[in-house]
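Letter by letter, the chains look like this.
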Amino acid sequence: MFKGKIFNGKTILVTGGGTGLGRSMATYLSGLGANIVIVSRKQEVVEATAAEIEAQTGNPVLALPHDVRDYRNIKKLQQTILRRFGRIDGLINNAAGNFISPTERLSYKAFDTVVDIVLKGSYYLTLALGKYWIQEKIPGSVLNIVTTYASTGSGYVVPSSIAKAGVLNLTRSLAAEWGKYQIRLNAIAPGPFPTKGAWERLFPDPSMGEALLNRIPLKRVGKHEELCHLAAYLLSDYAAYMTGEVVTIDGGEWLAGAGEFNFLEQLSEQDWDALQKQKKR
Ligand code: HXC
Ligand code: NAP
């Protein structure tokens, strides 16, 4: 969608940038000229991804091990990035943990693990970078990757659902509070976009994937580039007047599930003909 180097001179930190959607966004933003920093728990994964992105785009990618639950490491992380790139302009809170389970089967630690990665991980980095941006008078931009169930709630992924709802609230709350510093926060709520991490944990049985497609009005899953275009737009100056917003990109999935009569999609043309005749009687 974007052709020029619209992120030239900007440094963007992508959590969980070694795999999946984080990796795709990091690659796309790097191609648009950004200095990219990718962090996750697995150093070898982020390092391998960084080398591949650099080879593809020719722009620098810094890979650092960092557990987003660890606030104490953030100062060191920030200093390493500043030494390398001189400044930080954007943050994508993308790292996440999730699995499907009946809630009553979960231990409190299972809850803690997901909530700590998703919610604490997001507010820790947002807080640290926000303080830095305010002090340095930098118009920072944050993009939070949430889910559609951050708004609706969802059974069977409850730790993730409550944590993503918190992240969405963080997006809106700080958009109101930090607008005066020219700091913007927006969110994307993706529907299903195939990644190894999500698919292995959330759709372990192939039949679950088929059922998923039937629920989506556009009858397909998302393409990574579709999400990357949106992410680049929201982070960029083209969206300079947009803050506190969440943009859903899900092929209509959540609305189809929400509308009370949308289940009528299951009726065939013949069923409708029969119903019409009945009405006329
Ligand atoms: C029940 C589970 C569990 C499972 C772990 N636990 N997996 N409980 N069902 N499937 C419990 C453990 O028993 C333990 O509790 C506690 O959670 C911590 O487990 P660990 O394995 O020690 O945690 P850790 O190594 O930190 O791993 C974190 C993780 C893992 C979240 C459990 O899945 C992970 O690393 N995920 C990262 C990537 C990821 O999840 N990507 C998908 C994002 S997709 P006890 O009490 O036994 O000690 C996404 C999309 C949503 O969010 C929308 C899609 C359409
Ligand atoms: P993914 O590939 O599993 O990505 C999750 C990333 O988070 C991994 O790179 C993982 O790396 C990192 N991570 C996990 N715990 C971490 C921690 N404590 N500290 C630092 N990094 C950590 O899955 P994905 O599908 O691309 O998901 C990316 C984002 O999109 C998530 O926020 C997810 O909720 C959201 N999302 C995805 C979909 C979808 O359909 N794919 C739909 C809606 C929302 P390490 O294991 O190396 O730490």
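Before reading further, recall that the structure is shown in the block above.
A brief look at the structure comes next. Residue numbers restart at each chain and count upward from 1, following the sequence in its written direction. Labels are handed out in written order, letters beginning with A for the chains and numbers beginning with 1 for the ligands. With the structure being a predicted model, the display of local features is reserved for residues of pLDDT at least 70 and the display and counting of side-chain atom pairs for 80 or more, all residues being used for whole-chain, interface and lining totals. As a rule here, side-chain values come from all non-hydrogen atoms in the structure, and water together with hydrogens is ignored.

On any regular strand, side chains alternate: one points to one face of the sheet, the next to the other face. Strand E2 (residues 35-40) sits mainly inside the fold: 6 of its 6 residues count as buried. As judged from the 5 bridges shared by strand E1 (residues 11-15) and E2, these two strands associate in the parallel manner. Directly across from Val-14, in E2, lies its bridge partner Ile-38. Since E1 and E2 lie parallel, the crossover through helix H1 (residues 20-31) that links them has a hand, and here it is right-handed. We call two strands paired when DSSP finds no fewer than two bridges between them. Helix and strand labels come from DSSP, where a helix needs a run of H or I of at least four residues and a strand needs a run of E of at least two; each type is numbered from the N terminus. Relative to strand E3 (residues 61-65), E2 is paired through 5 bridges, and the arrangement is parallel. Think of it in three bands: with a 1.4 Å probe and only protein chains considered, a residue is buried below 20% of the maximum accessible area for its type, exposed above 50%, and partly exposed in between. Note on handedness: a crossover is taken as right-handed if, strands pointing away from the viewer, the path from the first strand over the helix to the second is clockwise.

To define a nonpolar core, start from buried Ala, Val, Leu, Ile, Met, Phe, Trp, Tyr and Cys residues and group those joined through side-chain atoms within 4.5 Å. Judged by nonpolar contacts, the single largest core of 31 residues is most densely connected at Ile-12, Leu-29, Ile-38, Ile-92 and Ile-188. Mapped by element, the contributors of at least two residues to this core are E1, H1, E2, helix H2 (43-57), E3, strand E5 (141-145) and helix H9 (224-235). The element that contributes the greatest number of residues to this core is H9, accounting for 7 residues. Only heavy atoms enter the contact rule, under which two residues are in contact if any of them lie within 4.5 Å. Apart from the residues lying within four places of it in its own chain, the contact partners of Ile-92 are Ile-12, Leu-13, Val-14, Thr-15, Met-25, Leu-29, Leu-143, Ile-145 and Leu-235. The next biggest cluster of nonpolar side chains, apart from the first, holds 27 residues, and it includes Leu-64, Leu-77, Ile-88 and Leu-91.

Our focus in this paragraph is the site of ligand 2. A single heavy atom is enough: if one lies within 4 Å of a molecule or strand, its residue is considered near that molecule or strand. Taken together, 27 residues form the shell around ligand 2, and within it Thr-19, Ser-40, Lys-42, Asn-94 and Thr-195 come nearest. Two N or O atoms form a polar contact when they lie within 3.5 Å of each other; inside protein one atom must be a possible hydrogen donor and the other a possible acceptor, and for residues adjacent in sequence the pair counts only when both atoms belong to side chains. With respect to ligand 2, the side chain of Ser-40 contributes an N or O atom lying 2.6 Å from an oxygen atom. In this description, accessible areas are obtained by the Shrake-Rupley approach with a 1.4 Å probe, and a residue is regarded as covered only by the protein chains that are shown. For ligand 2, whose accessible area on its own is 870 Å², the fraction buried by protein is 91%. Of all the secondary-structure elements, those providing two or more residues to the shell around ligand 2 are H1 and helix H7 (196-202). Among the elements that line the shell around ligand 2, the one with the most residues is H7, at 3 residues.

This part is about the pattern of salt bridges. Put simply, a salt bridge is a Lys or Arg side-chain nitrogen that is within 4 Å of an Asp or Glu carboxyl oxygen. All chains considered together, the criterion is met by 9 salt bridges. Across the pair Glu-253 and Arg-215 runs a salt bridge whose closest N-O atoms are separated by 2.9 Å. Of the two residues, Glu-253 sits in helix H10 (residues 253-258) while Arg-215 sits in helix H8 (residues 206-215), which places them 38 residues apart along the sequence. Among the ionic pairs, Lys-219 bridges to Glu-265, the shortest N-O distance being 2.8 Å. In this pair, Lys-219 is assigned in the loop between H8 and H9 and Glu-265 in the loop between H10 and helix H11 (269-280), connecting sequence segments 46 residues apart. Given the relative accessible area of 40%, Lys-219 is considered partly exposed.

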